[in-house]
Structure formats: C-alpha cells, structure tokens
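# Fold and geometry: a report
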2 protein chains.
Amino acid sequence: MNEERIIAVQAALRESGVDALLISVGSDLPYLTGYRAMPLERITALVVPAFGEATLFVPELEAPRVDTSVEVRPWGETDDPFDRIAAGLPSDSTIAVGDQMWASFLIAFQDRRPGARFVDAEPLMAPLRMIKDKDEIAALRDAGHAVDGVADHLSTVRFGGRTEREMSRIVSDLVLASGHESVSFAIVAAGKNGASPHHEGSDQIIEPGDAVVVDFGGRVRGYGSDTTRMYCVGEAPDGFVEAYAVLEHAQRAAVESVRPGTTAETIDATARSIISDGGYGEFFIHRTGHGIGLDAHEQPYIVQGNTEPIRTGMAFSIEPGIYIPGRWGMRIEDIVVATDDGVERLNRSSRKLRFVE
Amino acid sequence: MNEERIIAVQAALRESGVDALLISVGSDLPYLTGYRAMPLERITALVVPAFGEATLFVPELEAPRVDTSVEVRPWGETDDPFDRIAAGLPSDSTIAVGDQMWASFLIAFQDRRPGARFVDAEPLMAPLRMIKDKDEIAALRDAGHAVDGVADHLSTVRFGGRTEREMSRIVSDLVLASGHESVSFAIVAAGKNGASPHHEGSDQIIEPGDAVVVDFGGRVRGYGSDTTRMYCVGEAPDGFVEAYAVLEHAQRAAVESVRPGTTAETIDATARSIISDGGYGEFFIHRTGHGIGLDAHEQPYIVQGNTEPIRTGMAFSIEPGIYIPGRWGMRIEDIVVATDDGVERLNRSSRKLRFVE
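Everything numeric in this text was worked out from a predicted model, so none of it was measured.

Calculation rules
One numbering rule holds for all chains: residues counted from 1, following each sequence as written. Here every chain gets a letter starting at A, and every ligand a number starting at 1, in the order they are written. Side-chain atom pairs in this predicted model are given and counted only at pLDDT of 80 or more, local residue features only at pLDDT of at least 70, and totals for whole chains, interfaces and linings cover all residues. In computing side-chain properties, one takes all heavy atoms of the structure into account and sets aside hydrogens as well as water. Domain limits in this description derive from either an automatic procedure or a database domain assignment. Whether two residues touch is decided by their heavy atoms; if any such pair falls within 4.5 Å, the residues are in contact. Throughout, buried area stands for the accessible area (probe radius 1.4 Å) lost by two parts on being put together, summed over both. We count a salt bridge whenever a side-chain nitrogen from Lys or Arg sits within 4 Å of a carboxyl oxygen from Asp or Glu. Whenever two N or O atoms come within 3.5 Å, that pair is a polar contact, provided that in protein one can donate a hydrogen and the other can accept it, and provided that, for residues adjacent in sequence, both atoms are side-chain atoms. Note on conventions: DSSP H or I runs of at least 4 residues are helices, E runs of at least 2 residues are strands, and numbering of each starts at the N terminus. In this comparison the copies share one frame, found by least squares on the C-alpha atoms of residues holding pLDDT of at least 70 in both. For two strands to pair, DSSP has to find at least two bridges joining them. To get an axis, fit a line to the C-alpha atoms, keeping to the stretch in contact for a helix; angles then go from 0 to 180 degrees between the N-to-C directions. We call Asp, Glu, Lys and Arg charged. Ala, Val, Leu, Ile, Met, Phe, Trp, Tyr, Cys and Pro are nonpolar, and the rest, Gly among them, are polar.

All names here are of chain A. Considered domain by domain, chain A is made up of domain 1 (2-129) and domain 2 (131-356). The C-alpha-based centres of domain 1 and domain 2 are spaced at 34 Å. Each partner contributes to the interface: domain 1 provides 11 residues, whereas domain 2 provides 11 residues. On the domain 1 side of the contact with domain 2, Arg5, Arg36 and Arg129 bury the most area, a combined 49% of that side's loss. At the junction of domain 1 with domain 2, the criterion picks out 4 salt bridges. The salt bridge involving Arg5 is made with Asp133; its shortest N-O contact spans 3.5 Å. Our enumeration of links across domain 1 and domain 2 arrives at 10 residue pairs in polar contact (both at pLDDT 80 or more). Where the side of domain 1 that touches domain 2 is concerned, the elements lending two or more residues are α2 (28-33) and α5 (122-130).

With that out of the way, let us pick up the relation of the copies chain A and chain B. Its rotation angle being 180°, the transformation that places chain A on chain B also includes 0.0 Å of axial translation and leaves an RMSD of 0.0 Å. These values place the two chain copies in the arrangement generated by a two-fold rotation axis. Most of the interface of chain A is mirrored in chain B, where 100% of its interface residues are also at the interface.

On to the sheet that holds strand β1 (residues 20-23) of chain B, then. All names here are of chain B. The mixed open sheet is built from 6 strands, whose spatial order is β4-β3-β2-β1-β5-β6. Every other strand in the sheet has two partners, leaving β4 (71-75) and β6 (117-120) as the edge strands with one partner each. On average, adjacent strands in this sheet sit at an angle of 25° to one another, irrespective of strand direction. Sheet analysis places β1 next to strand β5 (residues 94-97), joined by 3 bridges and oriented parallel.

Between chain A and chain B, the residue contacts involve 41 residues of the former and 41 residues of the latter. Contact with chain B buries area across many residues of chain A, yet Leu61, Ile107 and His198 of chain A alone supply 16% of it, more than any other trio. Linking chain A to chain B there are 6 salt bridges. The partner of Arg65 of chain A in a salt bridge is Glu200 of chain B, with the nearest N and O atoms 2.6 Å apart. Linking chain A to chain B there are 21 residue pairs in polar contact (both at pLDDT 80 or more). Elements represented by at least two residues in the side of chain A that touches chain B include exactly α4 (103-112), β6 (117-120) and α7 (164-177) of chain A. Per element, the largest residue contribution to the side of chain A that touches chain B is 5 residues, and it comes from α4 of chain A. Of the residues that constitute the side of chain A that touches chain B, the class distribution is 18 nonpolar, 11 polar and 12 charged.

Structure representation (structure tokens):
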C-alpha cells in the first residue's frame, strides 16, 4: 500500500520536474508511510527523491514508535537534524515541501540549500489523496455511521441546564464510545453562540428555547468523521423553523447534485442559490464544504471559484448554514463520497430538526 | 497585557533590524493577542510592523470568536488572504515568521514578496516568552498542582487487566476533572512499551509485574502541565528498583541544581552524570527537559550544547529517564520555575515508585 503510493508520488514528481519531496508533520506522512509524527519541535522528515529510495528521519526517542516499510534513520538529541536531512537533498534542485511543515523547518532547509527552489507539495499530493480507495472509503463510512449513532443518541440527552462545555464533553465521550480512536472537535454552540460557526464550548448554560448547533468528529483508522445536527431545547426560536426548511432543502439538493463530472463550485452554487432564493443569502457566510480523509479539512474545497471536476472516490462535506448575528445559527452537515453513478451519503442519520429537553 | 507584549516585540524587531513580524498558528499568537487560531487551512495572521499598529487577519467565519485589543480584519471565503495580508508587508524587507506557520503559507508569502528576506521569528519571540510573569507562573502552578492530584489519585486505581488505552482514557478524564480546560496527552506505557518514551496507548493489557510509565498534561488558562510518575502493578520487574533509585537521585539533583546563572546544559549534565555513574548512561536517550508555557515544548531546552543561562521566571521540565529495550522504561518528570534564589517545583507529588493493583 505505502510502496504503491510512494511509486505514484515519484511519478508525479518526475512529471512536474520536481527533484524531491520533503514532508514532516501533517497527513502526507501517514499517507505515504503509515506513520503519523508528533507535531513537536523535534523534526520528523520523509525524503522521497524522484528517483531512488525514500528515507524517514525520526528523533531517536521516537524511533521505537515507528512501524513502516520505509527506511528509518534516527537522529540523536545533540545532532543537527537539518544538516543530516539536507545532506540528501540536491543543491540546485526543486524540492516540494509538505504543506503543514513548520515554517521554521522550511527556513532551516532554505538556509542549508540556498540554491534550491522550494515549492508547496500540496498540488502534487492532493490529486493522489483526493481520490479515496476502497479501504479509505470503508474507514470514512465506518466513522460516519458511528457518529450518526452519536447524533441519534443525543436526541435522548437533556441539553437544558447544562453548559456548552459539559455538552461538548458528553459528545466527546459518546464519539469515543462509538469506536473512534480520537475526537477531533465537538462544537456545541447554543442560542446566539450558534451564529459563530467555529464557536468553542463556553460556560454558557443552555436554556429552553435555544437552538443548539452540534458539530463533531474524530478519527477511525486515521480517517475523519464530521457531522452537524441541530437540536432545539423545548421549542425553536422565532423564525427558526422557516429558515430550517430552506437550509434542509439546500443541503439535500447539494448532496443530490454530487456526481462525477460536476464541479466543486457547482455544488456550492446549488446550496447557495436555494438559500439566497429563500432570503438568507447574506447569512450563509462560509463555503459549502471541504474534503475529508486523513486531514479533517483537505481538497477538494466546495467553494465558489473551485472548478475542480468531481471524480469517483472524492469524499467531502456538504454543510450549508445560516447564521443570524445576535440570534441563532444553524448548519446541517453530511460527508459524501462521489461514486461512479452519483453519490453515497456517509452520514445517514435524520436531518430533521431534533427537539430535546 | 497584550499591548505591552506587542510594544516589547516591536522593540525587539527594531533592535534586530527586522521590519515586521508575521505569525499564524502556534502560541505566539495567543501570547500577543489573547487569541488562539484553529490549526486549519484558512489562514489567521498577525502582522506586527516594527513601527505602527498591529493587524490581525482572520477568516470571516471565525471573526465572531475573536476577542482581542488588536485591530481585526476578516477576509471572506472567496478572497485571496495572502494577497490581502502581503499588501501590508514592505517589498524589500526582512520579515520574521512564526515558527509553526504552515510551510505552504510561508511559500505563498515568499511568492508574493520575492524581494523580502524571511527569517524564523523564534529567536525574537523566545527571549520574551521564556521569562514567565506572575500570572503565567500562577497558571503553570495551578496546572501543576492539579495534575499532582491526578498522580496521587492514580495510586488508588486498578491498572492490572486494563488496556493501556483504557488507562489513558482514565487519566484524561481525571485531568479534565481536575480543572484543566483540555488534555494535551496521556501516555500510558506498560512493560516493554515503557522503553519507547513517546509510546501511544495501545490495546495491550497491563499485567502484574509491569512497570507503567504515566506521562500526562493539559492546559489551565492556556498554560501547560506535564508530569510523569511510575506505577508498578503488584511488584517491580527485575532490576527496576535499583535503577529507579539512581533515576530518582538524578532527577532530584537536577531539580536542586536549578538557579539563575547556571546553564541549561549544566542541568542536563547533572542528571546525566548521575545516571551514567549508575551504569545506565546509554539508556538515557533524550534530553533532560524542555521549556513549557503556552506551548507544551518551548525554549529553554535542557540539553547538552545549550549554553542559555537560566534566569528568574524560566519554566521547564526536569525529566530524566532510563529505557531498557525489550524490558521496561522509567521516567520522573516535574515542571520547575527558576526563582531569584533557586527553584520552585510546580509538581510536588511524591516521586517515589508507586505500587498499584
């Protein structure tokens, strides 16, 4: 598996005239080696030359954790790892660096190879990583179905009287209990906090009449889940049910529009035009979705201006929202994967508004 | 507070001949603005010119989360944020970039300002961030005392028969219950897994006779805790108690050696020479410690070759370890802060070997 991916990336390097790939933290590393590095100051770096063998440099104390078919070279606590890694990089060359590498690491390499041209590896990696294979889709599907169970279970949980932070904790516990190996986020945003799409759970107490955005996900076999469902405590706030009908229509239509050959921006436009026609266009303040895989957010981004054609095996979120500042917010989110003849929803729990105590 | 820090960093920029500071994800941002950005693909960037006002660029959908005294400029989903941010950067200048900025962001800025020289901001930021003020020390102290309670509580918990992963979960729950706002890590490494210093909790069942490394920490008011204590299930493995006596001696001596004017490498040498004299030198495979604050690992690093003089207000770990591959590992870790006349241990739970069921 990893060997095939390294062969594919080497072909991409040669086609693009890039001499070597140099990656550290981020998901390109587990994609190519099966090993996820700790996001700390001791550098882990994979060097993949356009021709020849790949080498993984790891801090000596982390070497016992590493299980990969790639050749591993540990560096010691008093070594200069940048000197050691740069030794394998041609001086007068083009080197593609992983998008999430720390800037301080890139600068250290640029200082050691002033004649080299450093470019972003994302345009090389994304075409490979965007198309999920059968095992990747199975992991995404298992992750999706697990969080669907959490969303349904939450319909039986009392929200009123708890803080957002407590609810976030309950969601996290349920995600782990559902078989996820880790929780990536558990947004619980009640009442006017719902109008902040990336709100962090606060000490605010959830009250009757609050609409609550619950957006959560984690990892199963390295692959992400990400779903959003809406819960109303007792009753919905003024104007909410009407807007929700528009949002649900937009989300369903966008999901149904997914098929090979359409483009990312067309899917965005499908959701956006329905929300605009409903009179809420100015309150849909973000793109319709993002790709998902080893990263929680990755290509393809479902956004105006992205003409990327959808292909079989692409997995991404469809998550339109409506946010009225000072009042409430709402979002409905499913992960979908494009299939040969259309789309598979990896989240299948009901998208209806849920009423809780 | 943030205003004073921005004034201090501007003075440092002018002294170093740097025209602007440009930071995104990482802890420099909360240090200077009170706001921690999400480590995602939508860039958040603070520009601090050597002269003039700082500006914080944030994704429009995250703007409602931002609470800072710095001027905030949201960018929209279809804007090019790099063009907007680079517009405020002089063309022919020296720009210091935050050490944890994504490489893809740095490359985007380098493409837009090819005449500029981009340098690592860490040498500018570390001297400021290394010296903790009273509030920072209070947060580190509260965090340290909270995890001490967890370490003590763990002495009453049954380890045997549980998997490492279950124990890791129990530790995480206790850290949150102790008043931490988040858990950063909860390493539980039993038996031979203990010989891997950064082991991740596996499905391995903890057995009688296992020595278990438990290394955990999280955040209180943004500041980290980090402590390691050793637990033996029933009895200690062969040779363990003798080695532990050496390790405890080394750790205590290193803590006691901390005072203003000594150097980071001297503290490392204190621990290392005792472990070497005890016959375990080759099994102490990492540095003695790392600074701690808004980052889990930051300067000063307590490592051979680091001649940084210790000053009042520096906070760091003292965590020597002994790792025998295929058999067991051990580590004892406290966070300490240098005071005018010596050292304060922020972890005060017993460093003795703990026996559990």
